[in-house]
Amino acid sequence: MPMSNLSIPLQVLKSGLARQDSIKASLDESLQLLLTTPRYNNVADTNFGFVFNNMRFEIFDEHEGVIYNSGDTIYETGIKDIYSKKISGSSKNMNTFAAELKEVVRKYEKRLEDVAVTMTYIREERQIYITVKGIIVSTKENYVFTSVIRVWK
């Protein structure tokens, strides 16, 4: 019997928790949840989520591609120099939000290995394109997840 993966968001059916037949669909749902959950909002695990979502009320500098601290907010718990991180870049460069996302994916999505993340900000579109690549551990197949974040004004 093939292994099935939990569907996210969780749904309780008469037969139990809803499942995805496709590991790709399950991974897509899992990464979308991780990407859209602000860090420190999950009571069960405060480190779950992507810190970029915590920055939605901060000042966004389109020319420099960084976020400025607009108040007294300081993120001390495990996030170093969050306001110096570049929005566009790849996870190969540690001074990017892509590197932050890569570490979160590696921590919470054990079904993927050799994870690489890119984030590309297109100023004219006011959108950030996100790509997560990796290899599915159980099948050794290549995996690609894409998403878009609309930038606030």
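Provided above is the structure to which this section pertains.
Report on the accompanying structure.

Another point: the overall build of the protein. Broken down by element type, the protein carries 2 helices and 10 strands. Scanning the protein from its N terminus toward the C terminus, one meets helices and strands in the order β-β-β-β-α-β-β-β-α-β-β-β. The contacts in the protein between residues at least 6 apart in sequence include a share of 38% that link residues at least 24 apart. Accessible surface computed for the protein: about 9,200 Å², of which carbon and sulfur atoms make up 53%.

Its 14 residues give helix 1 (residues 23–36) an end-to-end C-alpha distance of 20 Å, which sits within 8% of 20 Å, the value for a rise of 1.5 Å per residue. Taken residue by residue, helix 1 has I23, S26, L27, S30, L31, L34 and L35 as its buried positions. Along the axis of helix 1, the buried positions cluster into a sector of 165°, meaning they face one direction only.

What counts, and where the lines are drawn
- Per chain, the residues get numbers from 1 upward, laid out in the order the sequence is written.
- In keeping with the model being predicted, local features are shown solely for residues with a pLDDT of at least 70 and side-chain atom pairs are shown and tallied solely at 80 or more, while totals for entire chains, interfaces and linings include all residues.
- Here the side-chain values reflect all heavy atoms present in the structure, with hydrogen atoms and water set aside.
- Strands are runs of DSSP state E lasting at least 2 residues, helices are runs of H or I lasting at least 4, and numbering of each runs from the N terminus.
- Every residue pair with non-hydrogen atoms within 4.5 Å of one another is taken to be in contact.
- Reported accessibility uses the Shrake-Rupley method at a 1.4 Å probe radius. Residues are deemed covered only where the shown protein chains occlude them.
- Each residue after the first adds 1.5 Å to the expected span of a helix.
- Burial here depends on accessible area, computed with a 1.4 Å probe over protein chains only, as a share of the maximum for the residue type. Under 20% is buried, over 50% is exposed, and the range in between is partly exposed.
- Starting at the helix axis, one direction is taken to each C-beta atom, and the arc is that of these directions.

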